[in-house]
Each structure stands twice: as structure tokens, then as C-alpha cells.
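Analysis of the macromolecular model
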Amino acid sequence: MWPIQLSWKNIWRNKNRTLVTVSAVAFATFISVLASGLKEGIFGNLIHDVVSSYSGHVQVHLKGYQDEQVIENSFAVSPSMKQEIQAIPGVILATERLESFALASSGENTKGCLVIGIEKAEESSFMNIGGKIIAGRTVAENEKSILVPEGLAKRMKLQLQDTLILIGQGYHGASAAGKYVISGMLRFGSPKMNERLIIMPIGSARELFGAEGISTSLAILLDPRSRPESVAEKIKTITGENHEVLTWGEIMPDIKQHIDADSGNMQYVQYILYALVGLGIFSTLLIMVAERSRENGMLLCLGMSKRMLQQVFLLESLITVLLGALMGLLISLPVMFYLKWHPLRISGTTAEAYKKFGFEPIFPTSTDPSIFLKQGVTVLVMGLILSLYPIWRIATLHPLSSMKK
Amino acid sequence: METTVIDAHNISKTYDPSGIPVHAVNNVHLHLTKGEFTALVGPSGSGKTTLLNLIGGLDRPDTGNIIINQTDITKLTNRELVRFRLQNIGFVFQSFNLIPVLTAKENAAFIMMLQKIPKTKREERIQALFDEVGLSDKLNARPAKLSGGQQQRVAIIRALASHPQFVLADEPTANLDSAAASNLMDMMEKLNREEQITFVFSTHDQRVIDRARRVIRLVDGKIEADIENK
């Protein structure tokens, strides 16, 4: 028991130095938690924006659809398949979509568009269609009405209640044509979607393309804590080999790459922080060992074992680092929650770039407990590793030589 | 019958710090019995401290054997030697060397704590020794609040509280004024007399030499004289 008491007393041997060290560790832990929370928060938010605006975390297609996105590569989603997928832990929602290209025509204007048939009830909580409507109302099941994005409406000079003619190629080469009333206008963050995405009930889309009972994709929304990769593996066992099950990263590799690259950059910032914390702790240990060299020699002469002396030093560094890490975590808690509820809003060109990709220009923090735990443990492990220095110095200490110094 | 405490045969120690060998201790034989109050004297560099280090197990001789309590300490491993020192030998250093973060009481009990002697037994012994040397009011004082003489007295209590075979003191009065040195010698003599503690100390101080009962004079690492003081 008493090595702990001796360590504790030694820690307060030089109060100012201990306070400076504890504060440095606390500050570094705080910055580290903040950086990590921002990283997780920002990229979590980006991913959320990506998956919730369109793709979902996972999609099921007929094999080959990802490479050749045509209506011929569609499949029938059986009720049992959908039910089994929805029963997988972490799956919030699975919704069918039928997507194909069509030429939109109104008056003298025509434009190529992507037509998506959606299950209205499911998509209201998925793509948040209601939240994207800027004029008019959403589409009702079984009515021949559509939602058009504001970019397309502007280009084709469309108004609410105008009629838009859609012409394209249907399933198995049949011709697809229909007249649809514009019931609402949408605003998407992504300029691409804002220019060409037309939404209609899946029933109307199947009727338009002559694709009764089939879908091009089954989009699946997950609980944010679930890993898309592991859920995709489980889905594969349900869908069998005729289907492809892809995560959002596989569906949109460019966005995934962008997020990974940015995330990697922030990781380097964190490594620099860790290096600074490490230097702070190490310099304290260096001074601690140097100024007590004579005393350590004396303790060994008196009969204290090197192992016990090493324990004392190890405890000293661990207690100091633990105090700093705890203090840092305590300080970071309110800050992290404040920034989660009141995220930093970015402006200027960065904000514009975010908007261009369809992302909300905010920097929220994540308050996932694992962030606090991971940073706390990282700083502690660092302290533990750096404590090897005094342990090594004591192991090589010659009592008499150090007494003579 | 006299009990042998230290029996050193033919011990030598040579240092070679700059390529020129220095025979710090040269073929020394030493026999000490329980209750002795012995001074090692001699000029600087005569080998007093080296001899103390060798018989204290802090350093190893190049040749010879040192038998303490029927154990040849030259044959012990480093780890065994540490344990042996802890159980059998008390040390007092010239510059007190108390642990600054511990109180006088804790410093004095330090060896007993290392020996895992129960707290009550420790406290009883420390209280008795502090009473004996007139330091009862300084039990909870930190070393920085004690005078040099008081610190050295605490260091002596630390060395002998656990009933070692003998106490080795390297120039114990060197950093004390004459009054404090005299007080310290009074204390050491009293403990030697009353507790039968064997003291071996190196010194230059003639007043200290005069109070030793046996004086061993070293010159160039050899015992030049070994006399009983009257």
C-alpha cells in the first residue's frame, strides 16, 4: 500500500511543476477530445447527409446494377426478404425504389431526368421529402402527380400544377410515356439532384415504365451506431448470390474517398497533439529522474528494491497523467455537448463547397462515449509507455555512483 | 563470549578511473564483534569510505570474503544483497539523506516499512527512540524544518530502529557544528551502550575519534594501526 502513499507525496514535492504537468495533460486531453469529437461529428454528419438524402447506408440491387444502372437490371423484392432484412438488428427502414431515365417535356422545353419511384410512407422518414418541399404539397399514392426540383423547374419554366410529359424506355424495351401534374417543388442540397431528380410514387413509376412489381433497388437506413459493412454481410445471407449488397461507400466511392482523406488529415493533427502531450509528460519525467538521482541511489543503498522504486515512479507518472486526463475529460464534457447542440456554422467558400455537395455547412461534435474513453485511454497509455524511461533509468542505476553525483 | 558481526578476509578493491589503477582497499583483514564502537580514520583517499561500502555490501571487493552473520556477502546476487542489506545493515550518510517528502517519523520508520514490520510495532519503536534522543516534539516535522543535527539523529534512528547487525556511518558529523556533533556522538554512544548496537564510522574529526573505543587507521588502503582507545 505504501508505495502509493510515497508516490502521492512525491507528486506534491514540487506543487507548481505537478500543476503545470497536470494542466498540460488536461489541456492536451481536452484538445484531443475536441479534435476527435469534431472529426467524428463532422464526418458523421457528412455521412448522415449523404445516406439520409438519398443512398441509405446499404442498398440491395440485382447483381450488375451498380455497373449498368438500367431498368432491365431490376428485381422483385419479396415481402419475406424485406421482412427478414428489417428484422436485422440496426436496420431502421428498408424501402423500394424504381429508378430510370426519361425525357421531360413541357411546352418547347425538354430535359433528360432521373425519375425515381418511391414508397411514399417510408421515404418521408428516409429522404425527408416533406422537409425538402419548398412549394406545393407531396405526392399522394396512386395519383399521377410528381415532385420536381427547383433547378429543373427554373430551367424548364415550370409552375405548380403544370403538366410535364415524361418519355423514355420501359422494362423489356417497351415504350414509356405519361403525363404528370406537378404537385410540389423540391430543393436538394446537391446541384446535380436539384437539376434532374423527379420523384413520383413507386406505383406510378412502375406503371410508367411497365415494370409491375419490380424495383431497381432496396435502400436500407441503419441506426448510426451500426456498421454498414457488417449489416451488409448479414443481408447477403438473406438475398443470395443473385443480388449485390453495397454499402454507401461502395455506391459513392468518390464521396467516401473525400471523407476518408479529410479524416486522415485530421488524424495527423491528432498525432501532432499526442506528440506534444508526450513531450510534456516526458520532460517532467526527465527532470523528476534527474533531480532525484542521488535520493534514488540512497534509497537503493538503504535496501529498497529497484522494483519497488520503479513502482513508485510508475505510480507517480500514472497518477499525474490520470489526474490530467480526468481533468481534461471533465472540461471537455460541457464544451462537447454545447458544440453538439450549437454546432459551429461555416461560411464563405467552404460553406459553398459543402452546399454544392449537398452537405449542411456545419461542424457539429460527436458526444459518443467512446471518444472520451478512447482519448482518455490513449493519454494514459502514452503516460504508461513514457514511464518506461524512469523504469529503465532505475534499472541501470548504480546506487553508489548516483550517491556520489 | 564475543559474537562476531563482521569477518572480512583479504579484501581488496582497485579502481581504474583514468587508466591508472588505484588500490583503494588493499588486502585488508577486519574482525568486528557485537557492541563495538569503532572509528575508521585516515587521510582523504586512504580507503575509509571504500571499506565501509565493501563491508556494507554497497560495493563488491575484487578479492576476499566478507562474512556477516554467517553469510559471505561476496557470494550473494545483487537481489540477495539488497535483501541482506535491508535486514542486517543500517546506514548513516554524511549529508543525512532523509526523504524530503516524509516526516521525521516516517523517515525513521522507512527501513521498518520496507521490512514490512506492522504499523503498531513500528510506531512504538520510533516513539521510544525519539523519546530517548529528545526528538519527541519533531515526530511530524519535515526534514526541511529540522536542524542538521536533528536530521542526522533521525537518520541514525532510521538506521538502527530495525535492530540491524551493525550501523555503518560515513563521516556522520562532517556536516555538523561542534555542539551538534557532540550531541550526536552522545546519542550514538548511548544507543551503543543501552541497545548493544555495533557502530562503525569513518571520520576525520579528532573529537569523534577520541570517543571511539576502537580506532582503525587506514593509509593507502591498508590498515596501518588497529588500537583500543582508552
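Note that the structure is predicted; figures quoted are calculated from it, not measured. (Residues numbered from 1 in each chain as written. Chains lettered and ligands numbered in written order. Predicted model: local features only at pLDDT ≥ 70, side-chain atom pairs only at ≥ 80, totals over all residues. Heavy atoms only, no water.)

A count of helices and strands for chain A gives 17 helices and twelve strands. Relative to a compact globule of 405 residues, whose C-alpha radius of gyration would be 22 Å, chain A shows 31 Å and is clearly more extended. Dimensions of chain A, computed from the C-alpha atoms along their principal axes, are close to 100 × 45 × 30 Å. Residue burial in chain A is summarised as follows: out of 405 residues, 52% are buried. Partitioning the intrachain contacts of chain A with sequence separation of at least 6 by distance along the chain shows that 78% fall at a separation of at least 24. As displayed, chain A has an accessible area near 19200 Å², and 60% of this comes from carbon and sulfur atoms. (Helix = DSSP H or I, 4+ residues; strand = E, 2+ residues; numbered from the N terminus. Rg over C-alpha atoms; globule rule 2.2 N^0.38 Å. Buried < 20%, exposed > 50% of the residue type's maximum accessible area, 1.4 Å probe, protein only. Contact = heavy atoms within 4.5 Å. Areas by Shrake-Rupley, 256 points an atom, 1.4 Å probe, with all protein chains shown as cover.)

Residues and elements named next belong to chain B. The sheet built from six strands is open, its strands ordered β6-β7-β8-β3-β9-β10 with mixed pairing. What marks the edges here is a single partner per strand, and that holds for β6 (89-92) and β10 (222-228). With direction set aside, neighbouring strand axes in the sheet form an average angle of 20°. Relative to strand β9 (residues 214-219), strand β3 (residues 37-41) is paired through four bridges, and the arrangement is parallel. Across the sheet, the residue bridging to Thr38 is Arg214, located in β9. (Pairing = 2+ DSSP bridges. Axes fitted to C-alpha atoms, helices over the stretch in contact; angles between N-to-C directions.)

Another point: the domain arrangement of chain A. Under the domain assignment, chain A is made up of domain 1 (2-51 + 256-404) and domain 2 (58-225). Domain 1 of chain A and domain 2 of chain A are separated by 50 Å when their C-alpha centres are compared. (Domains from an automatic or database assignment.)

Residue and element names in this part refer to chain A. Closest axis-to-axis distance for the helix α1 (residues 2-11)/helix α13 (residues 306-341) pair is 8 Å, and the angle between their directions is 55°. It follows from the interaxial angle that α1 and α13 lie oblique. Where α1 crosses over α13, the two elements pack in a sense that is right-handed. Contacts between α1 and α13 involve Trp2, Pro3, Ile4, Leu6, Ser7, Trp8, Asn10 and Ile11 on the former and, on the latter, Met308, Gln311, Val312, Leu315, Glu316, Ile319, Thr320 and Leu323. Residues that form the contact of α1 with α13 fall into these classes: eleven nonpolar, four polar and one charged. (Parallel < 35°, antiparallel > 145°, perpendicular 65-115°, else oblique. Left-handed = near helix turned anticlockwise from the far one by under 90°. Nonpolar A, V, L, I, M, F, W, Y, C, P; charged D, E, K, R; others polar.)

Next up on the list: the environment of Gln270 of chain A. Among the secondary structure elements, Gln270 of chain A is positioned in helix α11 (residues 253-291). Sequence separation between Gln270 of chain A and Ile129 of chain A is 141 residues; the distance between their C-alpha atoms is 38 Å.

This part covers a nonpolar patch on the surface. Residues and elements named next belong to chain A. A contiguous nonpolar surface patch, about 470 Å² in accessible area, is contributed by Leu373, Val377, Val381, Ile385 and Leu388. Here the nonpolar patch gets four residues from one element, more than from any other, and that element is helix α15 (residues 369-386). Summarising the element assignment, Leu373 is placed in helix α15. (Patch = residues over 30% accessible without salt bridge, like charges linked within 9 Å, V, L, I, M, F, W, Y side chains within 5 Å. Salt bridge = Lys/Arg side-chain N within 4 Å of Asp/Glu carboxyl O.)

Attention now goes to the nonpolar core. The biggest cluster of nonpolar side chains holds 108 residues, and the ones touching the most others in it are Met304 of chain A together with Phe110, Phe199 and Phe201 of chain B. With seven residues, the top contributor of residues to this core is helix α7 (residues 178-195) of chain B. Residues contacting Phe199 of chain B, with those up to four places away along its chain left out, are Glu36, Phe37, Thr38, Ile156, Leu160, Val167, Met188, Leu191 and Asn192 of chain B. Among the nonpolar cores identified, the runner-up in size contains 26 residues, and Val148, Leu158, Ile198 and Ile202 of chain A belong to it. (Core = buried A, V, L, I, M, F, W, Y, C linked by side-chain atoms within 4.5 Å.)

The subject of this paragraph is the sheet that holds strand β5 (residues 71-72) of chain B. Strands belonging to one sheet form pairs held by backbone hydrogen bonds; the direction of such a pair is parallel or antiparallel. Residues and elements named next belong to chain B. Overall, antiparallel pairing links the four strands, which are arranged β2-β1-β4-β5 in an open sheet. The open sheet terminates on both sides in strands that have one partner only, identified here as β2 (22-33) and β5. Sheet topology note: the strand β1 (residues 4-15)/β2 ladder contains eight bridges and is antiparallel. Each bridged residue has a counterpart across the sheet, and for Ile6 the counterpart in β2 is Leu32. Of the strands in this sheet, β1, β2 and β4 (63-68) are in contact with helix α1 (residues 48-55), which crosses β2 at around 55°.

Further remarks concern the interface of chain A and chain B. Counting residues at the interface gives 19 residues for chain A, matched by 21 residues for chain B. A combined buried area of about 1900 Å² lies between chain A and chain B, and 67% of that area is made up of carbon and sulfur atoms. The largest contributions to the chain A side of the interface with chain B come from Trp2, Lys9 and Leu302 of chain A, which together make up 32% of the buried area. Our count for the contact surface shared by chain A and chain B stands at one salt bridge. Residue Glu106 of chain B pairs with Lys9 of chain A through a salt bridge whose shortest N-O separation is 2.7 Å. Between chain A and chain B we count four residue pairs in polar contact (both at pLDDT 80 or more) in total. Taken together, the elements giving at least two residues each to the side of chain A that touches chain B come down to α1, α12 (293-302), α13 and α17 (399-404) of chain A. Take the side of chain A that touches chain B: its biggest share by element is seven residues, from α12 of chain A. (Buried area = accessible area lost by both parts, 1.4 Å probe. Polar contact = N/O pair within 3.5 Å; in protein donor to acceptor, adjacent residues only side chain to side chain.)

Opposite charge on two side chains allows them to pair when their charged atoms are near. What the rule picks out here adds up to 21 salt bridges over all chains. Notably, a salt bridge pairs Glu291 of chain A with Arg17 of chain A, separated by 2.8 Å at the nearest N-O pair. Separated by 274 residues along the polypeptide, Glu291 of chain A in helix α11 and Arg17 of chain A in helix α2 (residues 15-55) bring together distant segments of the chain. Salt-bridge contacts for Arg207 of chain B lead to Asp205 of chain B; the nearest nitrogen and oxygen are separated by 3.3 Å.

What follows covers the pairing of strand β10 (residues 243-247) of chain A. Residue and element names in this part refer to chain A. Most of β10 is tucked away, with five of its five residues classed as buried. Residue alternation in β10 divides its side chains into two sets, His243, Val245 and Thr247 and Glu244 and Leu246, and both sets are buried. Here strand β1 (residues 58-62) runs beside β10; their pairing, made up of five bridges, is antiparallel. The partner of Gln59 across the bridge, within β10, is Leu246.

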